[in-house]
Amino acid sequence: MDGVLDHLKLYRLPWTLPDNAISWLEPTTSCNLHCEGCYRKNEPEGHKPLDTVRQELELFNRVRRTDGVSIAGGDPLMHPDIERIVSMVAEMGQKPIINTNGLALTPDKLKALKQAGAAGFTFHIDSGQHRPRMKGRTEVELNELRLEYARMLADVGGLACAFNATVYDHTLKSVPDVVAWGQEHIDIVHTLVFIAYRAFPRFEGYDYLVGGEKVDIGRLAYETQTDRRGILSTDIVAEIRKRFPDFAPSAYLNGTERPDDFKWLLTMRVGTKERIYGYLGPKLIEMAQVFHHLVKGSYLAYTSPKLLSRGRSLLLLSPLDRGVARTAGAYLRGVVANPSQAFKPLRMQSVMIIQPADFLENGAMSMCDGCPDMTMHEGRLVWSCRLEELLNYGDWVRPVVAKPPAES
Ligand code: SF4
């Protein structure tokens, strides 16, 4: 089973620098965990004042249309005024999505955040975190913790529930187990996100320059001494297909350096807890993005849980999308074989695979073209995954192939 995909047969998500699905707000650098794959230096007192947060949100709105704002960090729940920040995002017309490790989330806090306008949560849970009382837990064992959070959100209702996991070489094999777990809980888990681990590699034979001067990249939170180039999103697809052979991504973002890199790779599956009937095709994703933009003026970020539970009505769109037509056929055959299936709600769930910055042989860095996770730094939009370069060196660090010493 392989992860081969033809990018020309998929839908290229329409997201761009000024017109995107989301933006990335970091109200704090403080975090109550230490994750192996984290891009940010943990600074316990690193909370931004509310005025600064407001200014950043206003700047976002001046330069970029978006449907949602990912409120990240650090861990955003560490910020003493997180409820006010959530309500500011909502008042400015965007869906506030809280990206958290969940440690500081209590049922009361959750209710307060929902009241403030939170549209959803993305919980970062994986075995590369140093969670108290979870040491040595495998990805599969962590499904129990994921379920606790999914149930907490379901009890409150109306909130999008997503789970992020960084995928390392040694956890790649567990991805299908998490995908299978997601299916079992398709009623309360709306999105799974797998992020291929990346660090800033210190490769032999390259110099690292800032403004033409060589720098030591040791100050970067995401610098690594290893020379691994990292797994690709297609490696993750290949792994998932070992368990789910039909797994069919339908939309993507390419790399800034290569058109056929899958930097963000979206798959939408349709099914019940017992069975996945099929996958939405590229046309359907295109229609959803374009329709949302026509009606709301921005590209769709997070689909509401209510809409995701309407898988059956979606089948009416079969004439417009091959993926939906195939799903409808499989569903009808399933119902004929077992009529009790007709009484079970048909739901949609998205699986996103992200392949962050890639270091190319010539020293170029291939970023996500149409990066949704752009954040605000000193009045301009910058890649959040490389912000530490600006904070530590004042500019991007540019790897270049080192010149051999001149012969004397
Ligand atoms: S370029 Fe970096 S910040 Fe932007 S989406 Fe890709 S990994 Fe995230």
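The notes below deal with the structure included here. (Residues numbered from 1 in each chain as written. Predicted model: local features only at pLDDT ≥ 70, side-chain atom pairs only at ≥ 80, totals over all residues. Heavy atoms only, no water.)

## Some details on helix 2 (residues 82-91)
Here's step 1: Turning to helix 2, its buried residues are Ile82, Ile85, Val86, Ser87, Met88 and Val89.
Here's step 2: On its buried face, helix 2 sits against strand 2 (22-25), helix 1 (50-63), strand 3 (68-71), strand 4 (95-100) and helix 3 (107-116).
Here's step 3: Glycine 93 sits one or two positions beyond helix 2 and adopts a positive phi of about 90°. (Buried < 20%, exposed > 50% of the residue type's maximum accessible area, 1.4 Å probe, protein only. Helix = DSSP H or I, 4+ residues; strand = E, 2+ residues; numbered from the N terminus. Contact = heavy atoms within 4.5 Å.)

## Some points on the packing of aromatic side chains
Here's step 1: Taken as a whole and judged by the stated rule, the model has 11 aromatic pairs.
Here's step 2: With a centroid separation of 4.7 Å and 20° between ring planes, the pair formed by phenylalanine 123 and tyrosine 149 is classed as stacked. Taken together, the residues span a long stretch of sequence, with phenylalanine 123 in strand 5 (residues 120-124) and tyrosine 149 in helix 4 (residues 143-156) at a distance of 26 residues. Across the pair, exposure class does not vary: phenylalanine 123 and tyrosine 149 are buried alike.
Here's step 3: Ring centres of tryptophan 383 and tryptophan 396 lie 4.9 Å apart, and the angle between their planes is 45°; this geometry places the pair in the tilted category. Remark: tryptophan 396 occurs in the loop between helix 11 (387-393) and strand 20 (398-401) and tryptophan 383 occurs in strand 19 (residues 380-383); sequence separation between them is 13 residues.
Here's step 4: Through a chain of ring-to-ring contacts, three or more aromatic side chains come together here, namely Phe121, Phe123, Tyr149, Phe163 and Trp181.
Here's step 5: Of note, arginine 269 hangs over the ring of phenylalanine 244, and the distance from its end group to the ring centre comes to 5.7 Å. (Phe/Tyr/Trp six-rings, centres within 6.5 Å; stacked < 30°, edge-to-face > 60°. Lys NZ or Arg CZ within 6 Å of the ring centre and 35° of its normal.)

## With respect to a nonpolar patch on the surface
Here's step 1: Taken together, the side chains of Val290, Phe291, Leu294 and Val295 present a nonpolar region at the surface, about 440 Å² in accessible area.
Here's step 2: Mapped onto the fold, valine 295 is located in helix 7 (residues 282-296).
Here's step 3: Overall, valine 295 belongs to the exposed group, its relative accessible area being 53%. (Patch = residues over 30% accessible without salt bridge, like charges linked within 9 Å, V, L, I, M, F, W, Y side chains within 5 Å. Areas by Shrake-Rupley, 256 points an atom, 1.4 Å probe, with all protein chains shown as cover. Salt bridge = Lys/Arg side-chain N within 4 Å of Asp/Glu carboxyl O.)

## As for the sheet that holds strand 10 (residues 213-214)
Here's step 1: Reading across from one edge, 10-9-20 is the order of the three strands in this open sheet, with antiparallel pairing throughout. With one partner strand each, in any of the chains shown, strand 10 and strand 20 form the two edges of the open sheet. (Pairing = 2+ DSSP bridges.)

## Regarding the packing of helix 2 against helix 3
Here's step 1: Where helix 2 meets helix 3, the closest approach of the two axes is 8 Å, and the angle between their N-to-C directions is 25°. With respect to helix 3, the axis of helix 2 lies roughly parallel. For the pair helix 2 and helix 3, the sense of crossing is right-handed. In this structure, helix 2 contributes Ile82, Glu83, Val86, Ser87 and Ala90 to the contact, and helix 3 contributes Lys109, Ala112, Leu113 and Ala116.
Here's step 2: In terms of residue class, the contact of helix 2 with helix 3 is built from six nonpolar, one polar and two charged. (Axes fitted to C-alpha atoms, helices over the stretch in contact; angles between N-to-C directions. Parallel < 35°, antiparallel > 145°, perpendicular 65-115°, else oblique. Left-handed = near helix turned anticlockwise from the far one by under 90°. Nonpolar A, V, L, I, M, F, W, Y, C, P; charged D, E, K, R; others polar.)

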